[in-house]
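Inside the fold
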Amino acid sequence: MFTHETFLSPFTWRYGSPAMRRIWSEAHRRRLWRRVWVALARAQMAAGLVRPEQLADLEAHVETIDLERAEQIEREIGHDLMAELLTFAEQAPQGGPVLHLGATSADIEDNADAIRIRDALDLIRDRLREVLEALAEAIERWAATPCMAWTHLQPAEPTTVGYRLALYGQDLLRDWEEISRCRAAIRGKGFKGAVGTGASYAALLEGTGVTPSEMEERAMAALDLAAFPVAGQIYPRKQDWQALVALAGLAMSLYKMAFDLRLLQAPPFGEWSEPFGARQVGSSAMPFKRNPVLAERINALARYLGALPSIIWETAAHSLLERTLDDSAIRRILLPEAFLAADEILQLTLRILRGIEIREEALRRNLERYAPFAALEPILMAAARAGADRQALHARLRDHAMAAWEAVRSGAPNPLPERLAADPEITRWLAPETLRRLMEVHLHIGDAPQRARAMAQEIRRAIASDGASK
């Protein structure tokens, strides 16, 4: 129907997985509508309103959508769900007359949308589980590998690669919990009619011995979907906002990780690199370029995804009284694109984690350049314990540190260890070998390796317990 001769969204073919595109495809949407109609007919059969052969006729045509015929009808009547209903009724002549009994469009559309959101969240959780598994493995692998930590984009004190990764893991674990909570809370509208009172179903079921609530319960059980206890014409659009907030939170976490990688891949740092294919081209003009394009794409899509909750917030807030239709067009665009963006971001993250390069020579270079400064406070404390005047020694250490900073800024090796070892006012209190020991990097990473490994284990327990509960 569409080719590259017309505008196509990048999400149609470039970003997101085929599995996520299928969930948000028009064909799948219409099959879900038919599933909802059949579930309603099955529940009404229990009340004697639908005959078994009519239900069987409908069930036989659930998958046989005809978009061409439905679009032909829609051009005449201007209503896509009604056009699909008439197409379904044409295909199922026995069951067609009992389709949509008592229903309003949102009884069909909103239950189908809830199923799509739920299925899309399941796919996001599967992707996130893979990312968390890969991240836990990386945390453990580099738990004790020292590197410089940076605050205000200035060298601070040593940390470990694994501990930095654990920071991302902790954020993503929160995202895992929030997405899981959101997925478990998904509800459909149920079958409540035009303004949510169930009046049409009450009239339809009069004298059958079946109440509207009982009919709704049967139909929703067939869809394996819980219903909101109350609704207007539509389910509360706050549910859409909550789903997008969870996705935006995930995008926030992955944005930070990707941006950090971009910084660390820059030559002044040079410590991390995303994977780069053997024949990959970094620039059309500069053959030497090795740009962090995966991380940059994550940042681009995450910025877009992060902006969407404000739009859906307005959509939910402007859902006046029992319903207005200004939610329809924006939801057609926003819901699929939000999930496809999150899907693409997670796939890119997994590619990075599975192929990331940690350049230990660059880690050592930066540690040699900056880590000695982190030893000044332990040296000051050790000398004070040995009897030195703390204030006088602080001033002396500062003079050495400022001179060493100037040397480092000029590109020379850090002279601080040699300067301290040659100062008799310092070696008077601390022997040169003691100074060297106090300046060893592993003494300045605290319990970062243990905390990193503990976070990896917490991640593994969380995703394992979720799998066991299914």
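Above this note sits the structure.
Residues numbered from 1 in each chain as written. Predicted model: local features only at pLDDT ≥ 70, side-chain atom pairs only at ≥ 80, totals over all residues. Heavy atoms only, no water.

**Brief notes about the overall build of the protein**
Counting its regular elements, the protein contains 20 helices and four strands. A globule of 470 residues ought to have a C-alpha radius of gyration of about 23 Å, yet the protein, at 31 Å, is considerably larger. Dimensions of the protein, computed from C-alpha atoms along their principal axes, come out at roughly 105 × 50 × 40 Å. Classification of the 470 residues of the protein by burial places 49% in the buried group. Within the protein, contacts between residues at least 6 apart in sequence are counted, and of these 77% link residues at least 24 apart. In the form shown here, the protein has an accessible surface area of approximately 22700 Å², with 54% of it arising from carbon and sulfur atoms. Taking the average location of the 58 positive side-chain charges in the protein and that of its 63 negative ones, the two points are 5 Å from each other. (Helix = DSSP H or I, 4+ residues; strand = E, 2+ residues; numbered from the N terminus. Rg over C-alpha atoms; globule rule 2.2 N^0.38 Å. Buried < 20%, exposed > 50% of the residue type's maximum accessible area, 1.4 Å probe, protein only. Contact = heavy atoms within 4.5 Å. Areas by Shrake-Rupley, 256 points an atom, 1.4 Å probe, with all protein chains shown as cover. Lys, Arg positive; Asp, Glu negative; His and termini not counted. Charge placed at Lys NZ, Arg CZ, Asp CG, Glu CD.)

**Quick look at the pairing of strand 1 (residues 146-151)**
One ladder, built from five bridges, connects strand 1 with strand 2 (residues 154-160); its direction is antiparallel. Pairing of W150 across the sheet is with P155, part of strand 2. The hairpin formed by strand 1 and strand 2 contains two residues between the paired strands, and H152 there has a positive phi angle of roughly 60°. (Pairing = 2+ DSSP bridges.)

**Quick notes on the packing of aromatic side chains**
All told, the structure shown has ten aromatic pairs when counted by the stated rule. With a centroid separation of 4.8 Å and 70° between ring planes, the pair formed by W150 and F269 is classed as edge-to-face. Taken together, the residues W150 in strand 1 and F269 in the loop between helix 11 (238-265) and strand 3 (272-273) connect sequence positions 119 residues apart. Judged by its relative accessible area of 21%, W150 falls in the partly exposed class. Judged by its relative accessible area of 15%, F269 falls in the buried class. Measuring from centroid to centroid gives 6.0 Å for Y370 and W405, while their planes differ by 40°, and the two rings are tilted. Highlighted residues: Y370 in helix 14 (residues 360-370) and W405 in helix 16 (residues 390-409), separated in sequence by 35 residues. Among the residues examined, W405 registers a relative accessible area of 26% and is labelled partly exposed. Through a chain of ring-to-ring contacts, the aromatic side chains of W150, F269, Y370, F373 and W405 assemble into a single cluster. (Phe/Tyr/Trp six-rings, centres within 6.5 Å; stacked < 30°, edge-to-face > 60°.)

**Some words on the environment of M148**
Its location among the elements puts M148 in strand 1. M148 gets classed as buried once you look at its relative accessible area, which sits at 0%. Each C-alpha atom of the pair M148 and T427 lies 27 Å from the other, and the pair is 279 residues apart in sequence. If we ignore the near neighbours within four places in the chain, the residues touching M148 are P155, A156, E157, P158, T159, R164, N366, L367, Y370 and A371.

**Quick word on unusual backbone geometry**
Here the phi dihedral of L153 falls at roughly 60°; this positive angle occurs in a residue that is not glycine. Position of L153 among the secondary structure elements: in the loop between strand 1 and strand 2. According to the relative accessible area criterion, L153 is exposed, its value standing at 56%. The phi angle at L321 is positive, at roughly 50°, despite the residue not being glycine. Checked against the element boundaries, L321 lands in the loop between helix 12 (293-317) and helix 13 (328-355). On the basis of relative accessibility, which here comes to 80%, the residue L321 falls in the exposed class.

**What to know about the environment of S180**
Relative to the helices and strands, S180 resides in helix 8 (residues 161-184). Separated by 171 residues in the primary sequence, S180 and R351 place their C-alpha atoms 23 Å from one another. In terms of polar contacts, S180 uses its side chain to reach the side chain of R125, at 3.1 Å. Side-chain polar atoms of S180 contact the backbone oxygen of W176, separated by 2.8 Å. (Polar contact = N/O pair within 3.5 Å; in protein donor to acceptor, adjacent residues only side chain to side chain.)

**Focus on the side chain of R29**
By secondary structure assignment, the location of R29 is in helix 3 (residues 26-45). The buried category is assigned to R29, whose relative accessible area is 8%. One polar contact links R29 to D80, side chain to side chain, over a distance of 3.5 Å. Excluding residues within four positions of it along the chain, R29 makes contact with D80, E109, R116 and R332.

**A look at the environment of L363**
With respect to the secondary-structure elements, L363 resides in helix 14. Take L363: its relative accessible area is 2%, and that puts it in the buried class. Along the chain, L363 and H394 lie 31 residues apart, while their C-alpha atoms are 29 Å from each other. Excluding anything up to four places from it in sequence, L363 contacts T145, P146, C147, V161, E271 and I358.

**Observations regarding the side chain of T104**
Relative to the helices and strands, T104 resides in the loop between helix 6 (80-91) and helix 7 (105-141). With residues up to four places along the chain from it excluded, the contact list for T104 reads K189, G193, A194 and Q233.

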